[in-house]
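Inside the fold
Here is how the chains run, residue by residue.
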Amino acid sequence: MLDSVAIINLVGFLTIVGALVVAISFADPHRKLRPIQIGLWITCVAAGAEFLPLVRLAPPNIATRYALDCAWLATSLCWLAVLQAYGRRG
């Protein structure tokens, strides 16, 4: 179970990620930063999913933990794809 400090950290992280998504959306009219925006959204969703067991919207069992771990793995793979996409662009 998360303690209050962990919850505050998670809420702060989600706020920062959300602000970055909004800032990139407004600052990028030509969609050159679309991979970063997608990566931020996926990270935000994975971090938000950590709240589901806490607020009793998902059972706090091993299957839920496995699903959350898979979400973080997907986030890591997404960021690797972002790095590869920008590496090819130079």
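The structure contained in this document is the topic of the report that follows. (Residues numbered from 1 in each chain as written. Predicted model: local features only at pLDDT ≥ 70, side-chain atom pairs only at ≥ 80, totals over all residues. Heavy atoms only, no water.)

As for the overall build of the protein chain
Along its length, the protein chain carries four helices and zero strands. The order of helices and strands in the protein chain, counted from the N terminus, is α-α-α-α. Buried positions account for 29% of the 90 residues belonging to the protein chain. Carbon and sulfur atoms provide 72% of the accessible area of the protein chain, an area that totals close to 6200 Å². (Helix = DSSP H or I, 4+ residues; strand = E, 2+ residues; numbered from the N terminus. Buried < 20%, exposed > 50% of the residue type's maximum accessible area, 1.4 Å probe, protein only. Areas by Shrake-Rupley, 256 points an atom, 1.4 Å probe, with all protein chains shown as cover.)

Notes on the pattern of salt bridges
Evaluation of the coordinates by the stated rule reveals one salt bridge. The partner of D69 in a salt bridge is R65, and the shortest N-O contact between them spans 3.2 Å. You can see D69 and its partner R65 sitting in helix α4 (residues 62-89), four residues apart, about one turn around the helix. By relative accessible area, D69 is classed as partly exposed at 42%. The partly exposed category is assigned to R65, whose relative accessible area is 35%. (Salt bridge = Lys/Arg side-chain N within 4 Å of Asp/Glu carboxyl O.)

Digging into the side chain of T43
Mapping T43 onto the fold places it in helix α2 (residues 34-49). For T43, a relative accessible area of 8% corresponds to the buried category. Reaching out from T43, the side chain makes a polar contact with the backbone oxygen of G39 at a distance of 2.8 Å. There is a polar contact of 2.8 Å between the side chain of T43 and the side chain of W79. Ignoring anything within four residues of it in the chain, the contact list for T43 reads F13, W72, T75 and W79. (Polar contact = N/O pair within 3.5 Å; in protein donor to acceptor, adjacent residues only side chain to side chain. Contact = heavy atoms within 4.5 Å.)

Quick word on α2
If you check α2, its first and last C-alpha atoms are 23 Å apart, about what 16 residues at 1.5 Å a residue would give, namely 22 Å. Those residues of α2 that fall on the buried side of the exposure criterion are P35, Q37, G39, L40, T43, C44, A46, A47 and A49. (Expected span 1.5 Å × (residues − 1).)

Comments concerning a nonpolar patch on the surface
A cluster of nonpolar side chains, L73, L77, L80 and L83, forms an exposed patch at the surface whose accessible area comes to about 430 Å². Looking at the element boundaries, L73 is found in helix α4. (Patch = residues over 30% accessible without salt bridge, like charges linked within 9 Å, V, L, I, M, F, W, Y side chains within 5 Å.)

Comments concerning the side chain of T75
Position of T75 among the secondary structure elements: in helix α4. For T75, a relative accessible area of 5% translates into the label buried. Beyond its immediate sequence surroundings of up to four residues, T75 is in contact with I42, T43 and A46.

A short note on the environment of G18
Topologically, G18 is positioned in helix α1 (residues 4-27). Note: C-alpha distance between G18 and W41 (23 residues apart in sequence) is 7.8 Å.

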